[in-house]
Amino acid sequence: AQSVSQHNHHVILSEAASLELGCNYSYGGTVNLFWYVQYPGQHLQLLLKYFSGDPLVKGIKGFEAEFIKSKFSFNLRKPSVQWSDTAEYFCAVNDASGGYNKLIFGAGTRLAVHP
Amino acid sequence: NAGVMQNPRHLVRRRGQEARLRCSPMKGHSHVYWYRQLPEEGLKFMVYLQKENIIDESGMPKERFSAEFPKEGPSILRIQQVVRGDSAAYFCASSREGLAPYNEQFFGPGTRLTVL
């Protein structure tokens, strides 16, 4: 069965610090990978996605993620975080075995950025 | 351009009551997905519906839970005889197409169900 692991459940950073959130997945087929963000009181928004091609994916708000097939990883990075990045971040893999999207999510990482 | 709408945002029920959660997809979207997020866990797929059809309900508990997406009106997730373990955040997502992998799911704000 597919699964997604996010190793850090809570991360606290100061503004301007660099961010890396880990995500590992287990899935035997072709993977589509996503990072979603949920700001306090708001709905989930797509940060970035990987389908194929360049394994380094650029997303919105300065985020990027790198797909490393040999490590089954899709870590999220940002060189310099801002207070407004305080949110919960979810990694997800797409189970497309049925021909449609069925997202498998990790448990999430709560990021708190202090000014 | 309204996004995915869910209501109510917060719902409190006593054990044994029924909970009805509504989801209006984005305009032009005919595919709806329901996910549940238990405390300290990630979102778990429950059910995928197209208009008037349930395509995949493999993630939905066999008893007390049902979902529909009628020709007119919102999608409804119904939980009968709620128990404390049903307390969770329920998220709805919609997409324009159903074919993977190019369809993107847009999420609503969620309904937080609390069972007393």
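Conventions and cut-offs
- Residues numbered from 1 in each chain as written.
- Chains lettered and ligands numbered in written order.
- Predicted model: local features only at pLDDT ≥ 70, side-chain atom pairs only at ≥ 80, totals over all residues.
- Heavy atoms only, no water.
- Helix = DSSP H or I, 4+ residues; strand = E, 2+ residues; numbered from the N terminus.
- Rg over C-alpha atoms; globule rule 2.2 N^0.38 Å.
- Contact = heavy atoms within 4.5 Å.
- Areas by Shrake-Rupley, 256 points an atom, 1.4 Å probe, with all protein chains shown as cover.
- Disulfide = S-S within 2.5 Å.
- Core = buried A, V, L, I, M, F, W, Y, C linked by side-chain atoms within 4.5 Å.
- Buried < 20%, exposed > 50% of the residue type's maximum accessible area, 1.4 Å probe, protein only.
- Salt bridge = Lys/Arg side-chain N within 4 Å of Asp/Glu carboxyl O.
- Buried area = accessible area lost by both parts, 1.4 Å probe.
- Polar contact = N/O pair within 3.5 Å; in protein donor to acceptor, adjacent residues only side chain to side chain.

1. Some remarks on the overall build of chain A
1) Next: When you go through chain A residue by residue, the secondary structure sums to 0 helices and 12 strands.
2) Next: Along the chain direction, N to C, the helices and strands of chain A fall in the order β-β-β-β-β-β-β-β-β-β-β-β.
3) Next: Its C-alpha atoms give chain A a radius of gyration of 14 Å, within 12% of the compact-globule value 13 Å for 115 residues.
4) Next: Seen along its three principal axes, the alpha-carbon backbone of chain A occupies a region of about 45 × 30 × 20 Å.
5) Next: Long-range pairs, those at least 24 residues apart, make up 54% of the contacts in chain A between residues at least 6 apart in sequence.
6) Next: Total accessible area computed for chain A in this model is approximately 5300 Å², and 54% of it derives from carbon and sulfur atoms.

2. Observations concerning the state of the cysteines
Residue and element names in this part refer to chain A.
1) Next: In total, this model carries 2 disulfides over all chains according to the counting rule given.
2) Next: Here Cys23 engages in a disulfide with Cys91; their sulfurs sit 1.9 Å apart. As the torsion about the S-S bond is roughly -65 degrees, the Cys23-Cys91 disulfide counts as left-handed. Taken together, the residues span a long stretch of sequence, with Cys23 in the loop between strand S3 (19-21) and strand S4 (24-26) and Cys91 in strand S10 (residues 87-94) at a distance of 68 residues.

3. Thoughts on the nonpolar core
1) Next: A:Leu33, A:Trp35, A:Leu47, A:Leu48, A:Phe74, A:Leu76 and A:Tyr89 are the most contacted members of the largest nonpolar core, which totals 29 residues.
2) Next: Of all the elements in the fold, those that place two or more residues in this core are strand S2 (10-14), S3, strand S5 (33-38), strand S6 (44-50), strand S8 (64-68), strand S9 (73-78), S10 and strand S12 (109-114) of chain A.
3) Next: Ranked by residues supplied to this core, first place goes to S10(A) with 4 residues.
4) Next: In this structure, A:Leu33 is in contact with A:Tyr25, A:Leu48, A:Lys49, A:Tyr50, A:Phe67, A:Phe74, A:Ala92 and A:Val93, ignoring residues within four places of it in sequence.
5) Next: Counting residues in each nonpolar core, the second largest holds 23 residues, with B:Leu11, B:Trp34, B:Leu77 and B:Cys92 among its members.

4. Describing unusual backbone geometry
1) Next: Residue B:Pro8 is bonded to the preceding B:Asn7 through a cis peptide linkage, with omega at -5 degrees.
2) Next: Mapped onto the fold, B:Pro8 is located in the loop between strand S1 (5-7) and strand S2 (10-13).
3) Next: Positive phi outside glycine occurs at A:Ala16, with the angle close to 80 degrees.
4) Next: Since its relative accessible area comes to 53%, A:Ala16 is described here as exposed.

5. What about the side chain of A:Ser73?
1) Next: Relative to the assigned elements, A:Ser73 resides in strand S9.
2) Next: Not counting residues within four places of it along the chain, the set of residues in contact with A:Ser73 comprises A:Cys23, A:Asn24, A:Tyr25, A:Glu66, A:Phe67 and A:Ile68.

6. Considering the pattern of salt bridges
1) Next: Applying the stated criterion across every chain yields a total of 10 salt bridges over all chains.
2) Next: Because the salt bridges share partners, they merge into one network encompassing A:Lys58, A:Glu64, A:Glu66 and A:Arg77.

7. Structural notes on the interface of chain B and chain A
1) Next: Contacts between the two partners involve 26 residues from chain B, matched on the other side by 20 residues from chain A.
2) Next: Across the chain B to chain A interface the summed buried area is about 1900 Å²; carbon plus sulfur atoms make up 55%.
3) Next: There are 2 salt bridges connecting chain B and chain A.
4) Next: Residues B:Glu104 and A:Lys49 are paired through a salt bridge, measuring 3.7 Å at the closest nitrogen-oxygen approach.
5) Next: Scanning the region where chain B abuts chain A turns up 4 residue pairs in polar contact (both at pLDDT 80 or more).

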